[in-house]
Amino acid sequence: MRRNAPIWLARAPIWLARPTRFAGLTASQARIALGMLAILLLATLLALGTPGPPAVSGNAANRADDQTDVVLYETIVANVRHGGSYYPVTADALRAGNYPLRPFVVFRLPTLAMVEAATPDIITSMMLYALVAATALAWFRRLAPAFARGPPRLVAMALLAGGLMAFVQSDLRYFHEIWAGLFVALSIALRRRDFWLPSVAFGLAAVLVRETAAPYLALMAFFAFLEGNRREGLSWIGAIAVVAVALVAHAQAVDQVVRTTDPTSPGWAGMLGFGFFVKTVAISTALGIAPLWLAAPLIGLSLFGWAAWSDALGLRMLALLSGYAAILATVGRTDTFYWGLLIAPVSLVGLAFAVDGIRDLLVAALDQRRITVRRVVR
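This write-up is about the structure you can find in this document.

Comments concerning the overall build of the chain
Within the chain one finds 15 helices and two strands. Reported as C-alpha extents along the three principal axes, the dimensions of the chain are approximately 95 × 45 × 40 Å. A burial count over the chain gives 46% of its 378 residues as buried. For the chain, restricting intrachain contacts to residue pairs at least 6 apart in sequence, the fraction spanning at least 24 positions comes to 79%. Side chains of the chain carry 32 positive and 20 negative charges; the gap between the two charge centres is 19 Å.

Next comes the structure, spelled out in structure tokens:
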């Protein structure tokens, strides 16, 4: 009896220290994966027809128009610093800027404003730069073992720097997503199976600054329970409980300053689609300086790269980016594009893993080698 079966010979990785998640696929599986990658890359081009925020003029005289929300939060911090109470000050600032005051989530949690109001501007800027440096260092230590040589490590860190471009602009220190995005990036880099309390603490800090980072806590709890780490999972659940208590207290405080005549938000069901997620990531990173027809596929390749990395962190990052892709695609609006900052810091690093991932898929998909197994029946 003769039977033919495909054989795959392992190839040494190009950049990585070990083969990617796709290295052991059969030819048919690899072809399916390549087809899905092609669909993903085509889907990213939807960004070309997706509405985005109005362009920034670049004129310093137009700062109030170019950075409306930043000016709003800066005004709130200044008024609290001069003796105002956070919730009445915020309500007055929202009314003055013709912002909606309902539901309560249009009020930011007071955490960041209270810290910045109690801290000189120079110290706040230094704290921001220190957080950026800590995030970069944590990711360098986490990524270094994944690459076989120095040059790929440098490429990965350059991609990280590209994701951190917006986070080193000191005039954006009043922006809640800037701090929350850094806390999320630092949290996920620090997480270890046997050392997770700092990760939980920084994840909680992210959500106490900006509650839209809460899906991150839920995601980390899910993966902890999935891996059988019950104590870690309960810690993430505990962080979610703290946030829930904070939001209840926040809602009650907002209710004390909102009037029945105050306008209500039009809602967040923007339904702008996957292209909007792609555009927000591009705007929030160094890809904002590239033409969108080039930036969009690169974002798709980065998603693919995270999927290719044969490490638990790769799956967590893929799930985090995919989760926010779903959120931005369904409830994002053109004026909430800055939600992309929550995932921007390391969103491009996946490109460093895509090189080996694509090579492994192509090798497997194009492999035509066969061995012949002969079974002699007597």
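Now, onward.
Regarding unusual backbone geometry
Working note: non-glycine residues mostly have negative phi, and peptide bonds are mostly trans. Here Arg102 and Pro103 are connected by a cis peptide whose omega angle stands at 0°. As for its position among the elements, Pro103 is in the loop between α4 (86-96) and α5 (111-117).

What to know about the nonpolar core
Note that soluble globular proteins tend to have their nonpolar side chains buried in a common cluster. Ile76, Phe107, Trp139, Phe167, Met317 and Phe353 are the most contacted members of the largest nonpolar core, which totals 112 residues. If you tally residues by element for this core, the top one is helix α8 (residues 176-190), at ten residues. With near-sequence residues (within four places) excluded, Phe107 lies in contact with Tyr87, Thr90, Ala91, Leu94, Leu101, His250, Val254, Val257 and Val258.

Overview of the pattern of salt bridges
All told, the structure shown has 14 salt bridges when counted by the stated rule. The closest approach of N and O atoms between Arg191 and Glu227, which form a salt bridge, is 3.1 Å. Remark: Glu227 occurs in the loop between α10 (214-226) and α11 (230-255) and Arg191 occurs in the loop between α8 and α9 (197-209); sequence separation between them is 36 residues. With relative accessibility at 28%, the residue Glu227 sits in the partly exposed group. A salt bridge links Asp335 to Arg333; the shortest N-O distance between them is 2.9 Å. When its relative accessible area of 41% is taken as the criterion, Asp335 is described as partly exposed. Look at the salt bridges and you will find they share partners, linking Arg191, Arg193, Glu227, Glu232 and Arg316 into a network.

Regarding the side chain of His176
Inspection of the secondary structure puts His176 in helix α8. Look at His176 and you get buried, because its relative accessible area is 4%. When sequence neighbours within four positions are dropped, the list of residues in contact with His176 reads Tyr73, Arg108, Leu109, Leu112, Val209 and Arg210.

Observations regarding helix α13 (residues 292-308)
Given 3.6 residues to a turn, an α-helix orients residues that are three or four positions apart in the same direction. With 17 residues, α13 should reach 24 Å at 1.5 Å per residue; the first-to-last C-alpha distance of 24 Å fits that figure. Taking burial as the measure, the 17 residues of α13 include twelve buried ones, the bulk of the element. Residues of α13 that are buried include every one of Ala295, Ala296, Ile299, Gly300, Leu301, Ser302, Leu303, Phe304, Gly305, Trp306, Ala307 and Ala308, and no others. Close packing links the buried residues of α13 with α1 (27-44), α6 (121-143), α12 (274-284), α14 (312-331) and α15 (351-366).

Quick notes on α15
Compared with an ideal rise of 1.5 Å per residue, which puts 16 residues at 22 Å, α15 spans 23 Å between its outermost C-alpha atoms and is within 8% of the ideal. Within α15, twelve of the 16 residues are buried, which leaves it mostly tucked inside the rest of the structure. Taken residue by residue, α15 has Leu351, Ala352, Phe353, Ala354, Asp356, Gly357, Arg359, Asp360, Leu361, Val363, Ala364 and Ala365 as its buried positions. As for α15, its buried residues are in contact with α1, α6, α7 (150-163) and α13.

Rules behind the numbers
Residue indices begin from 1 for each chain and proceed along its sequence in written order. Predicted model: local features are reported for residues with pLDDT of at least 70 only, side-chain atom pairs are reported and counted for 80 or more only, and whole-chain, interface and lining totals are derived from all residues. Water and hydrogen atoms play no part in the side-chain values, which are based on all heavy atoms of the structure. Secondary structure elements follow DSSP: runs of H or I no shorter than four residues count as helices, runs of E no shorter than two count as strands, and numbering proceeds from the N terminus. Per-residue accessibility, obtained with a 1.4 Å probe over protein chains only, is compared with the maximum for each type, and a residue is labelled buried under 20%, exposed over 50%, and partly exposed between these values. Residue contacts follow a heavy-atom distance rule, with two residues in contact if any of their heavy atoms lie within 4.5 Å. Positive charges come from Lys and Arg, negative ones from Asp and Glu, while His and the chain ends are left out of the count. Taken as the charge centre is NZ of Lys, CZ of Arg, CG of Asp or CD of Glu, depending on the residue. Joining through side-chain atoms within 4.5 Å is the link that ties buried Ala, Val, Leu, Ile, Met, Phe, Trp, Tyr and Cys residues into a set, and such a set is a nonpolar core. Each reported salt bridge corresponds to a side-chain nitrogen of Lys or Arg within 4 Å of a carboxyl oxygen of Asp or Glu. A helix's residues, less one, multiplied by 1.5 Å, set its expected span.

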